[in-house]
Amino acid sequence: MAVLKCDATIPERDKHILIKGEGQDGKCSIACNSATTPGDMTERGCTYAGCRGVVGGPVQDAIQLTHGPIGCAFFSWGYRPHIADSDFHMKYTFVSDMDESNVVFGGEKKLLQSIIEANEAFPEAKGVFIYNTCTTALIGDDGKDVAKIATEKIGKPVVFFPCEGFRGVSQSAGHHVGNETIFKNLVGTAEPEEDSAYSINILGDYNIKGDLRTFEPLFEAIGLNIVARFTGNVKVDELKVMHRAKLNVIHCARSATYVADMMETKYGTPSINVTLWGIENMSKALRDTAAFFGLEHEAEKVIKREVAKVMPKIEYYRKRLAGKKVFIYQGGPRAWHWPELLAELGMETIGAATTFGHADDYQKIYEKVNDGAFIIDNPNVPELEEILLTLKPDLFISGNKEKYVAYKLGVPFVNGHTYETGPYAGFSGMVNFARDMDKALSAPVWKLVKDMAQPVPGGLEEEVA
Ligand code: SF4
C-alpha cells in the first residue's frame, strides 16, 4: 500500500518518501534528482527556468533574452523578486518570439535581430544573455554562433546559455548550466582596478526582496570588500573580475557550488559554506569568514552589536511561536537551512520537502529534523494536500505555487520562496521572518476558511478525517 493514499496509482512515488526513524543508520536513502514518474503532476521547473530564473536573471545590467516561443518567457517576467539597482532589470522581459514560420525556417536571423534591437533600445546594458529553450534546441538553431556574431556587432559580451528545458530532470540542471556558462564566458575576462587582500565573493544569494542589504554591511563592517555577488544585484563587470576575490562564501550550496569548484580548480580560490538565515547561522557565517582573514576580533564586535539590536524582538516572537510545528517545502537548500532557524524560535520542523534537492540536500535535512519527521522529494499538489491534512502542521512554509493549497485548506502559510514581506536573511531579516510567521499564525482568516469550507463528498478531506 502506498505511503500516501493519493499515490495508489503511482506507487513509484513511495521511494521519494521517508519517515525518519530507527534502523536507517543515519542515512537518508530517499530517491531524488531523478526523472519525474509519468503521471506525477510535478511542480518542478525546467532547466531553462533554473538558468534564466535563478542564476542568470538577477544580473542587473544584462539584457535577459529568451530564445524561444513567447510562452517560455511568460514566467520570466516579474515572478522572482531578485531586486536590483537597474532601471530595466525587472521592468522588461525580452524574447525572440519564435512562431511557426521561424520553427520551420530557423530562428537564427530573428535572434540576431532581437539582440540588436534590444541593445539599441537599452544601450546602457553591459551585455546580453541568451537563454535557449526546447523549441530552438530541437530545430537546431546555433545560438552560440549567433552570440559570437552579435558580440562583434554590438561590441559587448553576448553570452549564450545552452539551457533548453529538457536538458535535465529539474531546474537544478539550469543552475549548473548557468554557473558553467558565466564562468567560461565572463569570469576572468577583466582585471579589477584594486586587488584587495580582504576580498570575498558571496555566492548563491539572489537578493530576494533585498536580502543582500541585511548582511552585506556586516561583512563590510568586519573589514571585507565584496567583489561580486553571484548573482543577486551583480553587474556584468563585477562577474568579470570575481576571480580576484580571496575567498568564496557560498550561501546556496545547491545552485552555486559549481562556480566555486571551477574557481578553485582554475584560480585556486578557496571557499566556505555558510547559512545567512538565523541568528546563530549568521553569527557563524561572520565568524568563519573572518577567521579566514584573521579578523576574528572585528567579527565578534559586529556580532555583539547587531545581535543586541534584534534580540528583544526575537525574544518577543519566540514566546509567541514556541511549540509550533512546521512543514517546510522549498526548492532545495532552504529546507535544510531553516530547521535550525525555526528551532531558535522554539518551533519544530515535522516535515520537509524540496523540489530539486540532491542526495546531499536530503542528508542535511535528515540530520536536522527529529525522529518521526516526514521527508518527501518533489511532492505534487495531491500529496501536499494529504500531508497537510494528516500531518496537521501549525504552519506551512512554501512558495508561490503551493500557497493556494494552504489557503483553501485554511492552513497558516508563509511564502519562503519569495517571502511575504522580507528580506529574511541576516539578523534583521530574522525579525522579519519571525514577524511574518507570527502574523500568519495569528490571522483570524484561517478559522473563517475552515468554518466556511465544505468538504467534497467522498473527497480527500473526508477520507483522512
Ligand atoms: S520546458 Fe521547454 S518549452 Fe517548457 S518552459 Fe522550459 S524551455 Fe520552454
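Residues numbered from 1 in each chain as written. Predicted model: local features only at pLDDT ≥ 70, side-chain atom pairs only at ≥ 80, totals over all residues. Heavy atoms only, no water.

1. Focus: the overall build of the chain
- For the chain, the count of helices and strands is 19 helices and 14 strands.
- Taken over the C-alpha trace, the chain has a radius of gyration of 23 Å; the compact-globule value for 465 residues is 23 Å, and the two agree within 12%.
- When its C-alpha atoms are laid out on the principal axes, the chain stretches across 65 × 60 × 45 Å.
- Counting all 465 residues of the chain, 56% fall into the buried class.
- Contacts in the chain between residues at least 24 apart in sequence constitute 74% of all its contacts with a sequence separation of at least 6.
- Charge centroids of the chain, computed over 50 positive and 62 negative side chains, lie 4 Å from each other. (Helix = DSSP H or I, 4+ residues; strand = E, 2+ residues; numbered from the N terminus. Rg over C-alpha atoms; globule rule 2.2 N^0.38 Å. Buried < 20%, exposed > 50% of the residue type's maximum accessible area, 1.4 Å probe, protein only. Contact = heavy atoms within 4.5 Å. Lys, Arg positive; Asp, Glu negative; His and termini not counted. Charge placed at Lys NZ, Arg CZ, Asp CG, Glu CD.)

2. Observations concerning the packing of aromatic side chains
- Tallied over the entire structure, the rule returns 19 aromatic pairs.
- When the ring of Phe215 is compared with that of Phe219, the centres are 6.3 Å apart and the planes differ by 90°; the resulting orientation is edge-to-face. Of this pair, Phe215 and Phe219 both sit in helix α8 (residues 212–222), 4 residues apart, roughly one helical turn.
- Note on Phe219: relative accessible area 0%, which makes it buried.
- With 4.5 Å between their ring centres and 20° between their planes, Tyr424 and Phe433 make a pair best called stacked. (Phe/Tyr/Trp six-rings, centres within 6.5 Å; stacked < 30°, edge-to-face > 60°.)

3. A short note on the nonpolar core
- Within the largest apolar cluster, 51 residues are counted, with the highest numbers of intra-cluster contacts made by Ile200, Phe215, Phe219, Leu286, Leu345, Ile397 and Met437.
- Counting residues per element, this core draws most heavily on helix α12 (residues 296–321), which supplies 8 residues.
- Aside from chain neighbours lying at most four places away, what touches Met437 is Leu321, Leu342, Leu345, Met347, Leu395, Ile397 and Val414.
- Tyr131, Phe183, Leu186 and Leu203 belong to the second-largest nonpolar core, a separate cluster that totals 32 residues. (Core = buried A, V, L, I, M, F, W, Y, C linked by side-chain atoms within 4.5 Å.)

4. Details of the pairing of strand β13 (residues 395–398)
- Every second residue of β13 is oriented toward a common face, with Leu395 and Ile397 on one face and Phe396 and Ser398 on the other, all of them buried.
- Bridge count for strand β10 (residues 325–330) against β13 is 3 bridges, and the pairing is parallel. Across the sheet, residue Val326 finds its bridge partner in β13, namely Leu395.
- Pairing geometry for β13 and strand β14 (residues 413–415), over 3 bridges, is parallel. (Pairing = 2+ DSSP bridges.)

5. Quick look at the UniProt feature "domain: Nitrogenase/oxidoreductase component" (unreviewed entry) in the chain
- Mapped onto this structure's residue numbering, the UniProt feature "domain: Nitrogenase/oxidoreductase component" (unreviewed entry) falls at residues 46–441.
- What you have in residues 46–441 is 49% helix and 16% strand, and the ends, taken at the C-alpha atoms, are 33 Å apart. (UniProt positions renumbered as here; feature names shortened; annotations may be inferred.)

6. What about the environment of Leu111?
- In this fold, Leu111 is placed in helix α4 (residues 108–121).
- Filtering out sequence-adjacent residues up to four positions away, Leu111 remains in contact with Leu65, His67, Ser96, Ile130, Gly143 and Val146.

7. Some points on the sheet that holds strand β2 (residues 62–67)
- Reading across from one edge, β3-β2-β4-β5 is the order of the 4 strands in this open sheet, with parallel pairing throughout. Where the open sheet ends on each side, the last strands, each with one partner, are β3 (94–95) and β5 (158–161).
- Alignment of strand β4 (residues 127–132) against β5, held across 4 bridges, turns out to be parallel. Considered in β5, the bridge of Ile130 is made with Phe160.
- Relative to β4, helix α1 (residues 47–56) is tilted by about 155°, and along the sheet it contacts β2, β4 and β5.
- Taken strand by strand, helix α6 (residues 143–154) contacts β4 and β5, and its axis lies near 170° from that of β5. (Axes fitted to C-alpha atoms, helices over the stretch in contact; angles between N-to-C directions.)

8. What to know about the sheet that holds strand β9 (residues 271–273)
- Taken in spatial order, the 4 strands make up an open sheet running β7-β6-β8-β9, and their pairing is parallel. Looking along the sheet, the strands with just one partner apiece sit at the ends: β7 (225–231) and β9. Between one strand axis and the next, the sheet turns by 20° as a mean value, whatever way the strands run.
- Bridge analysis of strand β6 (residues 199–205) against strand β8 (residues 247–250) gives 4 bridges, and the strand direction is parallel. Paired with Leu203 across the bridge in β8 is Ile250.

9. As for the site of the ligand
- Taken together, Cys46, Tyr48, Cys72, Thr133, Cys134 and Gly165 make up the full set of residues near the ligand.
- A breakdown of the residues in the shell around the ligand according to their chemical character gives 4 nonpolar, 2 polar and no charged. (Near = heavy atom within 4 Å. Nonpolar A, V, L, I, M, F, W, Y, C, P; charged D, E, K, R; others polar.)

10. Details of the side chain of Asp377
- Relative to the assigned elements, Asp377 resides in strand β12 (residues 374–377).
- No salt bridge is formed by the buried Asp377; its nearest oppositely charged neighbour, Arg44, is found at 4.5 Å.
- A polar atom in the side chain of Asp377 sits 2.7 Å from the side chain of Tyr362.
- With residues near it in sequence (within four places) discarded, Asp377 still touches Arg13, His16, Ile30, Ala31, Cys32, Asn33, Arg44, Thr354, Gly357 and Tyr362. (Salt bridge = Lys/Arg side-chain N within 4 Å of Asp/Glu carboxyl O. Polar contact = N/O pair within 3.5 Å; in protein donor to acceptor, adjacent residues only side chain to side chain.)

11. What about the pattern of salt bridges?
- On inspection of all chains with the given rule, the structure shows 21 salt bridges.
- When the shortest N-O distance is used, the salt bridge between Glu300 and Arg287 registers 2.7 Å. Taken together, the residues Glu300 in helix α12 and Arg287 in helix α11 (residues 279–293) connect sequence positions 13 residues apart.
- A salt bridge links Glu315 to Arg318; the nearest nitrogen and oxygen atoms lie 2.9 Å apart. Of this pair, Glu315 and Arg318 both sit in helix α12, 3 residues apart, which is roughly one turn of the helix.

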